[in-house]
Structures are given as structure tokens and as C-alpha cells.
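Letter by letter, the chains look like this.
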Amino acid sequence: YKLSVSPEMDIMEYCRKEWRGTTPVAKRMRKGYEAVAQKFASIRRIRGDNYCAFRATLFQALSQATQLPSWLQSEDFTMLPENLLSKYDWIKQWQLKQKPGKKMAEISDEIKEYLILLREKWKYISEIKDPLKKQEACDILFKNEEEEYSLYEALKFLMLNTAIELYNADKSGRRVPVFSWLLFARDTSSNPYQLMHNHLNHIGHSGGLEQVEMFLLAYALQYTIQVYRLYKYSTDEFITLYPNDPEEDWPVVTLITEDDRHYNIPVRMCQETML
């Protein structure tokens, strides 16, 4: 039994424990953590498997959710698997977690269940007014492995749906965000089928999210993901936004990474000192 999201720890205490050395890297990391500590008091470690970007983003989104996002409220949200399957036969090759080789009808039903679960959990947690109780509900959810991985499966499917929408928009001459070109400029994902086959099907098993896929996750959730990239301290990329031109009404979640592979989360925003 592993904790998905560890309890809070003072951010600078964590930094001193992790980065004791005198190497240039250790010094840069300490500077990075000091900068984060200007804004946040604590850090929570995220379990380090290939789902950590999903885990960190979703945990932050739910722990500050006060309402159900509009895309989760739409009538046809849970019809997504059926609708997509009726148009794209290749989605039959979607790999369900720990269940390779499932029949398509079952896959469609399972993904629908995952989407319903995502909506239910988001609704339940967003309606909790007491911040401590909200936090407690998030902790409980992220201790339930079965539900947790089902939610990641839902997120992956939403990313596929978003990728298909962007790809089709670009093909029909509509404006798309720059990251969408980059996403489909890769040899391994020149179209949504390849993206699914070579990337999304492997997330959580043999790999995590690449940077361009962080943009896709942000678009799928309609959230701005703000990341302190500690190894980029003192460069323009120290604080990176996905997407870098976010919609004004998108909520923001904040993550921390030391290497663009593993993500932790900062918590407890420091109160601005009153003058």
C-alpha cells in the first residue's frame, strides 16, 4: 500500500533534506525552492509512478474546486466513447489499464463509467464548503487505487477527444494553438490514431506525460497548469504555463518539478504580508 499524496511538509525543510550537496545543481534547486517558498509554505510529495502528472494536476484541481466545470455538465459528456467510436474505428485499440485485449463494447462501457465517476467525484468534492473537509475528501479519494486509476483513464480519453478536435479544426483551416502543431509534428504522433497508439496507450505503464502532452491535458481540463521547473531556475522557463496563453476564466493549478518527469505539489499559499 503506497500513499498517492504524502502529508504536508515544510517546503524548505524538504529542500534541505533532498539537496544537501554543494554541486551547481544542488545550489540551483535550493534557489528554486526558496523562490517557491515565497508563495507556498508546504509541499506534498506525489507518488512516483508514470501517472504523477495526472495525479498532481487532478489532486490540485479537486482540492480547490468550488463548482463543476461547464464541460463536465454537458448532456453528451458521458456519450463521448460511443460518439467517437461511431466515427473512428481505430479507437477499438484503446488500452484499458491492466485489461489489454478487452472487447470494444466493454471498453466503451468502461470508459463511460470512468467519465461518470469523474463527474460524480468532481461534483461531490466541489460542493464541500469546509476547506478541511474538502482536503480530507481528496485524501480519501487518492487512497482508493481502483477509483484513482479509473479517473486517470477518463483523463486520457478526454485528452484523446481534445486531440481529435484540434486535429480536425486544423485540417479544416481553423485556428489552433501552437502546441497542437507541435503535438502532430512528432514522427510518433502525426495524427490522433498515432497519438493514441504510441503515447496515450503507454501513459501510466511505460511512460509519463511529455511536455507537449501537458498542454493537451490543460486544454482537456480547461485549466491553466502552472509549473515551477526548478532546474530552470533563473531562466525564462522557471515558471512555465500550460498553455502559455491561457484563457482568462480558466482556473489555475500549481505544480513543482525538478526534471519535467516527476511532479509534486505546493500547498498553503503564504498570506501576503499586510503593510
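Because the structure is predicted, anything quoted here is derived from the model rather than measured.

Asker: Can you break down the UniProt feature "site: Linear diubiquitin binding" (unreviewed entry) in the protein residue by residue, with the values?
Answerer: The sites that carry the UniProt feature "site: Linear diubiquitin binding" (unreviewed entry) are, in the present numbering, Glu237. Residue position: glutamate 237 is located in the loop between strand 3 (224-229) and strand 4 (239-242). Leave out the neighbours within four places in its chain, and glutamate 237 touches Arg229 and Lys232. A distance of 3.4 Å separates a polar atom in the side chain of glutamate 237 from a polar atom in the side chain of arginine 229.

Asker: Describe the pairing of strand 6 (residues 263-269), listing the residues and the values that go with them.
Answerer: The buried count for strand 6 comes to five of seven residues, which makes it a mostly enclosed element. Pairing geometry for strand 2 (residues 40-44) and strand 6, over four bridges, is antiparallel. From the neighbouring strand, phenylalanine 40 faces strand 6, where its bridge partner is methionine 269. With two bridges connecting them, strand 5 (residues 252-257) and strand 6 associate as antiparallel partners. Among the inter-strand pairings, isoleucine 256 is bridged to a residue of strand 6, identified as asparagine 264.

Asker: Describe in detail the side chain of threonine 224, supporting the description with residues and values.
Answerer: Among the structural elements, threonine 224 can be located in strand 3. Among the residues examined, threonine 224 registers a relative accessible area of 2% and is labelled buried. Dropping the residues within four chain positions of it, threonine 224 is found in contact with Leu241, Tyr242, Pro243, Pro246, Trp250, Pro251, Val252 and Val253.

Asker: So what's going on with the nonpolar core? Which residues, and what values?
Answerer: Counting residues in hydrophobic clusters, the biggest one holds 77 residues, and the most contacted among them are Leu118 and Trp122. Here the element with the most residues in this core is helix 8 (residues 145-171); it accounts for 14 residues. Among residues more than four places away in sequence, those in contact with leucine 118 are Leu58, Trp71, Leu72, Phe77, Leu151, Ala154, Leu155 and Leu158. Core analysis: the second largest hydrophobic core is formed by 15 residues, Met12, Met29, Leu230 and Ile256 among them.

Asker: Mind laying out the sheet that holds strand 6, listing which residues take part and the relevant values?
Answerer: If you walk across this open sheet you meet the six strands as 1-2-6-5-3-4, and the pairing is mixed. Edge strands, defined here as strands with exactly one partner in the open sheet, are strand 1 (9-10) and strand 4. Each of strand 2, strand 3, strand 5 and strand 6 is contacted by helix 3 (residues 52-63), which is oriented at about 20 degrees to strand 6, the strand it contacts most.

About the thresholds
- Residues numbered from 1 in each chain as written.
- Predicted model: local features only at pLDDT ≥ 70, side-chain atom pairs only at ≥ 80, totals over all residues.
- Heavy atoms only, no water.
- UniProt positions renumbered as here; feature names shortened; annotations may be inferred.
- Helix = DSSP H or I, 4+ residues; strand = E, 2+ residues; numbered from the N terminus.
- Contact = heavy atoms within 4.5 Å.
- Polar contact = N/O pair within 3.5 Å; in protein donor to acceptor, adjacent residues only side chain to side chain.
- Buried < 20%, exposed > 50% of the residue type's maximum accessible area, 1.4 Å probe, protein only.
- Pairing = 2+ DSSP bridges.
- Core = buried A, V, L, I, M, F, W, Y, C linked by side-chain atoms within 4.5 Å.
- Axes fitted to C-alpha atoms, helices over the stretch in contact; angles between N-to-C directions.

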